[in-house]
Amino acid sequence: MLESASPVTVIGSDMTSGLPASAPPVTGSTTDSRVPPPRPYPRPQPLPQSGILTAGEHDDLLNPELYAAYVNRSGDLGQEVRNLPRVDTTRVVTGIVADRSGQPIPFADVTVTCSDGNSITMATQADGNVVFFPGLDRLSERITVSARKAGQTIADARPVLVANAAGGQQVGLTATQAATKVTKLDLMLVVDTTGSMGDEISYLQSELRSIIASITAKHRQLDIRIGFVFYRDLGDEYVTRTVVFDRDVGRVQGALARQNANGGGDYPEAMDQAMIRAVGQDWRPDAVKSLLLVADAPPHDQLFGRTWQAAEAARAKRIHITPVAASGVADKAEYAMRAMAAATQSRYLFLTDDSGVGNPHAAPAVDCYLVTKLDALVRRVIDTQISGRRIEPEDQEIIRSVGKYDAGKCILPADFQWQN
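Residues numbered from 1 in each chain as written. Predicted model: local features only at pLDDT ≥ 70, side-chain atom pairs only at ≥ 80, totals over all residues. Heavy atoms only, no water.

Asks: Got a minute to help me understand the side chain of Ser290 in this structure?
Replies: By the element assignment, Ser290 lies in strand β13 (residues 288-295). Judged by its relative accessible area of 0%, Ser290 falls in the buried class. Here the side chain of Ser290 touches Gln385 through a polar contact of 2.8 Å, side chain to side chain. Look past the residues within four positions of Ser290 in its chain and what remains in contact with it is Leu185, Asp186, Leu187, Met188, Trp283, His320, Ile382 and Gln385. (Helix = DSSP H or I, 4+ residues; strand = E, 2+ residues; numbered from the N terminus. Buried < 20%, exposed > 50% of the residue type's maximum accessible area, 1.4 Å probe, protein only. Polar contact = N/O pair within 3.5 Å; in protein donor to acceptor, adjacent residues only side chain to side chain. Contact = heavy atoms within 4.5 Å.)

Listed below in structure tokens is the structure:
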């Protein structure tokens, strides 16, 4: 059990869920400008400290054609996994709410009303954007889009014809009230602590401690709360172990430092229970909500649907799910993580071999990315979620590049083809 000083609240080891039940990577054409040298095994490991682990990232919302091709290539997973989530990023409706001066309106409730009278409401992120998926959200061909904030209408309903063509469409809404600044951040870290994470867990702990310290130092104007859900699997010492949101950085840092990697055994882990517990925490409605999922394995096949329900609940609460894929990640884990990231307007992060730490990392099924230090990458992603603008690495931060990368988008070859 965690020995945490009050008032840190620790929800202890859950040996059973206590929750109701519910329902080969292809990288494409890539070029590698700075390929790391071969890594002999075994090899000496540096002492755990921040700034060692390396990682890349991919935004499937910025690359809808590539994501559609990836999902189609991964279709055979559906023979093994029931309720395999399918997020169609090629036909999105993006609501963009801004004030009269063009400043984004964060946390506005955007309602899409279908021709049959049914509606769905989602809130904008800090960039004033909210993404609807016609297939996932069961939108009709004709919809109206409106916006409210604090119970008041700020943008009247606008009729929209949902296009069938790939690429999606944007619906701009001009708000009658002025934009306000983001003042709060809730950051929840969901960390797999099974034995398979043993090759990297101490390094990840150092990186996460550094990330937490730097975010709280940089954003002193924000009211920041941080929490954790550590998880393993059924039959282990614990299934989930939760540290609820706390403003005291020292206490939550101490909770992280006391973790070790153990248990597990088979490949899948209790990701479903961890996600349910994390999403069910006391998230503030007026905060940027960021969930960092650090894992190297998928949920159990029969619990994919339950894990996806937790991701859909996160989306409804406006929680960004940002996966960090560690060594050991294979096709099912990558698929689950990328689906959750795309659905919640976030990005898929993955560790790389450039650091020389841990077991070999499978190449992600993405066509372009930049490799940088993990701690700097996570800070950029969270800074993007807070500021509402995408932040790219400086040239000196880039360790190597894969494919043709342009501000998060992959430049496709002229002969690229895909089938939706």
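Okay, back to it.
Asks: Can you walk me through the packing of aromatic side chains in this structure?
Replies: Aromatic ring pairs are described here by two measures, namely the spacing of the ring centres and the angle between the planes. What the rule picks out here adds up to six aromatic pairs. Taken together, a centroid distance of 5.1 Å and an interplanar angle of 15° make the contact between Phe228 and Phe230 stacked. A relative accessible area of 0% means that Phe228 is categorised as buried. Residue classification places Phe230 among the buried residues on the basis of a relative accessible area of 0%. Here the aromatic rings of Tyr348 and Phe350 are separated by 5.6 Å at their centres, their planes lie at 35°, and the arrangement is tilted. A relative accessible area of 2% means that Tyr348 is categorised as buried. Its relative accessible area of 3% is what places Phe350 among the buried residues. By way of ring pairs, the aromatic residues Tyr67, Tyr70 and Tyr335 are connected into one cluster. (Phe/Tyr/Trp six-rings, centres within 6.5 Å; stacked < 30°, edge-to-face > 60°.)

Asks: Can you walk me through the pattern of salt bridges in this structure?
Replies: Between side chains of opposite charge, pairing is possible as soon as their charged atoms come close. Per the counting criterion, the structure on display carries 23 salt bridges. Between Arg251 and Asp246 there is a salt bridge; the shortest N-O distance is 3.1 Å. Looking at Asp246, the relative accessible area reads 9%, which means it is buried. By sharing partners, the salt bridges in this structure join Glu57, Asp59, Arg347, Arg390 and Glu392 into a single network. (Salt bridge = Lys/Arg side-chain N within 4 Å of Asp/Glu carboxyl O.)

Asks: What's the story with the nonpolar core in this structure? I'm lost.
Replies: Considering soluble globular proteins, one finds that nonpolar side chains tend to be buried as a cluster. Counting residues in hydrophobic clusters, the biggest one holds 45 residues, and the most contacted among them are Val190, Leu291 and Leu293. Take this core: its biggest share by element is seven residues, from helix α6 (residues 331-343). Setting aside anything within four residues of it in sequence, one finds Leu291 in contact with Met188, Val190, Met275, Ala278, Val279, Trp283, Ile319, His320, Ile321 and Thr322. In this structure, Leu53, Ala55, Val324 and Leu349 belong to the second largest nonpolar core, which totals 42 residues. (Core = buried A, V, L, I, M, F, W, Y, C linked by side-chain atoms within 4.5 Å.)

Structural measurements only, silent on function.
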